[in-house]
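# A look at the structure
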Amino acid sequence: MSESGSPAISVVAEPAAGERLELPDGEGVLYRRAFAPADRARLFAALDRETPWQQPIITLYGRRIASPRLSAWYGDPGAVYAYSGLRLEPAPWTPTLQCLRERVESLAGVRFNSVLLNRYRDGRDSMGWHSDDEPELGRNPVIASVSFGAARRFLMEHRKRRLRFEWLLEDGDVLVLAGPTQHCWRHHVPKTRESVGPRINLTFRRIVGSRDSACPVESSSAILDLPHTNKPGHG
């Protein structure tokens, strides 16, 4: 633990280079094992213990249902976020989340002012098809997704073209999506019948206000300048 009370995050001696994802009408970089092994277990335990998890009632296709996962919202004062009929007021940053935010910002090259935490209790918990394109995220938002715990499938599908890709997001992975991705693609964490343990996912965001956008749009991101080093698998 650091003097501030947050779990000290070790710097991996030789972290794996980010893999540039070949997304038409989008930008993405996947950092595998962005945290040291001991840190992954320590951070998972701290997040699980410190977070006041809730299962909100959300509105989905006009129906009010219990969210198929647990969640919590943190951020700077005023970083209010609305989705699926919810209006989320941010809880203040904890030392653990502040420590994680600094690590993720060093990878993404962007300052984030909020984070949504989701806890998948087992394979029955899921995330439906959606895009993070709410007005308060602005045009071409940068979203950094951090995974701890059990590995889960992550699917992406183009809104207008017959394209679908899939990755397995594992313990300690960081996925950064930017440019027009949220306007042109939607994503999904499906249920599974396999026996899987709990997973905690954090999506760091920046609440900026409302700007119009649609697919296709010209990318305004300058942070994802890695060469193309991989090809995503088709789902």
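Right, let's walk through the structure included here. The structure presented is a predicted model; accordingly, all values stated were derived computationally and were not measured. Along each chain, the written sequence defines residue order, and numbers are assigned to residues from 1. At least 70 in pLDDT is required for a residue's local features to be given in this predicted model, at least 80 for side-chain atom pairs to be given and counted, and no such filter applies to totals for whole chains, interfaces and linings, which use all residues. In computing side-chain properties, one takes all heavy atoms of the structure into account and sets aside hydrogens as well as water.

Another point: the overall build of the protein chain. For helices the rule is a DSSP run of H or I covering at least 4 residues; for strands it is a run of E covering at least 2, with both sets numbered from the N terminus onward. When its secondary structure is counted, the protein chain shows three helices and 16 strands. When the accessible surface of the protein chain is split by element, carbon and sulfur atoms take 51% of a total near 11,300 Å². Per-residue accessibility takes into account occlusion by the displayed protein chains alone, with areas from the Shrake-Rupley method and a 1.4 Å probe.

Our focus in this paragraph is the environment of Leu-169. Mapped onto the elements, Leu-169 comes out in strand S12 (residues 164-169). Each C-alpha atom, one on Leu-169 and one on Phe-148, is 9.1 Å from the other, the two residues being 21 residues apart in sequence. Ignoring sequence-local partners within four residues, the contact set of Leu-169 consists of Leu-30, Arg-32, Ser-147, Ala-150, Ala-151, Arg-152, Phe-154, Leu-175 and Arg-199. Contacts were defined at the residue level, with two residues in contact if any of their heavy atoms lie within 4.5 Å.

Before going further, it helps to spend a moment on the layout of surface pockets. Space inside the largest pocket adds up to approximately 680 Å³. Grid points spaced at 1 Å over the protein atoms alone were grouped into cavities, where a 1.4 Å probe fits but cannot get out, and pockets, open sets with protein on both sides within 12 Å along at least five of seven lines, with lining residues defined by an atom within 4 Å of a point. What lines the largest pocket is a set of 36 residues, among which Arg-69, Met-127, Gly-128, Trp-129 and His-130 lie closest to the centre. Listed by contribution, the elements that provide at least two residues to the lining of the largest pocket are strand S3 (57-60), strand S6 (81-83), strand S8 (114-120), strand S9 (127-130), strand S10 (143-149), strand S13 (174-178), strand S14 (185-189) and strand S15 (199-205). Grid points are joined across faces, edges and corners, and a volume is the space filled by probe spheres set on the points. If you add up the space inside the second largest pocket, you get close to 210 Å³. Taken together, 13 residues form the lining of the second largest pocket, with Gln-54, Ser-71, Ala-72, Trp-73 and Leu-88 sitting closest to its centre. Looking at the lining of the second largest pocket, the elements that each hand over two or more residues are strand S5 (70-75) and strand S7 (86-88).

As a further point, take the environment of Arg-206. Secondary-structure assignment places Arg-206 in the loop between S15 and strand S16 (233-234). Any residue under 20% of the maximum accessible area for its type is buried, any over 50% is exposed, and the rest in between are partly exposed; the area is computed with a 1.4 Å probe on protein chains only. Judged by relative accessible area, which is 36%, Arg-206 ranks as partly exposed. Spatially, the C-alpha atom of Arg-206 lies 7.4 Å from that of Arg-111, the residues being 95 residues apart in sequence. Each residue touching Arg-206, except ones within four places of it in the same chain, is listed here: Arg-111, Phe-112, Asn-113, Ser-114, Glu-136 and Leu-137.

Next up on the list: the pattern of salt bridges. Any carboxyl oxygen of Asp or Glu that lies within 4 Å of a side-chain nitrogen of Lys or Arg is treated as forming a salt bridge with it. Counted according to the given criterion, the structure contains 16 salt bridges. A salt bridge links Arg-49 to Glu-50, with the shortest nitrogen-to-oxygen separation between them at 3.9 Å. On the basis of relative accessible area, Arg-49 is assigned to the exposed category, the value being 60%. Residue Asp-132 is joined to Arg-205 by a salt bridge in which the shortest nitrogen-to-oxygen separation is 3.6 Å. Within this pair, whereas Asp-132 is found in the loop between S9 and S10, its partner Arg-205 is found in strand S15, the two being separated by 73 residues in sequence. Three or more residues are tied together by salt bridges with common partners; here these are Arg-32, Glu-170 and Asp-173.

A few words on the packing of helix H1 (residues 37-50) against helix H2 (residues 95-108). Packed helix pairs are characterised by how far apart their axes lie and by the angle those axes make with each other. Here H1 crosses H2 at 135°, and the two axes come no closer than 10 Å. What the angle tells us is that H1 and H2 run oblique. In terms of crossing hand, the pair formed by H1 and H2 is left-handed. Judged by residue contacts, Leu-43, Ala-46, Leu-47 and Glu-50 of H1 engage Thr-96, Leu-97 and Leu-100 from H2. Every axis corresponds to a line fitted to the C-alpha atoms, with the helix fit spanning only the stretch in contact, and the corresponding angles, defined between N-to-C directions, vary from 0 to 180 degrees. To sort the angles, those under 35 degrees are grouped as roughly parallel, those over 145 as roughly antiparallel, those from 65 to 115 as roughly perpendicular, and the leftovers as oblique. For a crossing to be left-handed, the near helix must be turned anticlockwise from the far one by less than a right angle; the clockwise case is right-handed.

Further remarks concern the sheet that holds S15. Here a strand pair is declared whenever DSSP counts at least two bridges between the two strands. Strand order in the open sheet made by the seven strands is S1-S2-S13-S10-S15-S8-S5, with antiparallel pairing throughout. Taken across any chain shown, the strands that pair with only one partner, and hence form the sheet edges, are strand S1 (19-21) and S5. The sheet shows a mean angle of 20° between the axes of neighbouring strands, taken without regard to direction. As defined by bridge partners, strand S2 (residues 27-31) adjoins S13 across five bridges and the pair is classed as antiparallel. The residue bridging Tyr-31 from the neighbouring strand is Val-174, located in S13.

Moving on to the nonpolar core. Of all hydrophobic cores here, the largest spans 30 residues; its most connected members are Phe-148, Leu-202 and Phe-204. If we ignore the near neighbours within four places in the chain, the residues touching Phe-204 are Trp-93, Leu-97, Leu-100, Arg-101, Val-104, Phe-112, Ser-114, Val-115, Val-142, Ile-143, Ala-144 and Val-146. Working definition of a nonpolar core: buried Ala, Val, Leu, Ile, Met, Phe, Trp, Tyr and Cys residues. They are joined through side-chain atoms within 4.5 Å.

What follows deals with H1. Structural remark: α-helix, 3.6 residues per turn; residues separated by three or four positions point the same way. Expected helix span is given by 1.5 Å per residue-to-residue step, counting one fewer step than there are residues. The terminal C-alpha atoms of H1 lie 20 Å apart, and with 14 residues this matches the ideal 20 Å at 1.5 Å per residue to within 8%. Turning to H1, its buried residues are Asp-39, Arg-40, Leu-43, Phe-44, Ala-46 and Leu-47. For H1, the secondary structure elements touched by its buried residues are H2, S8, S10 and S15.

Everything listed here is a matter of geometry and, on its own, says nothing about what the molecule does.
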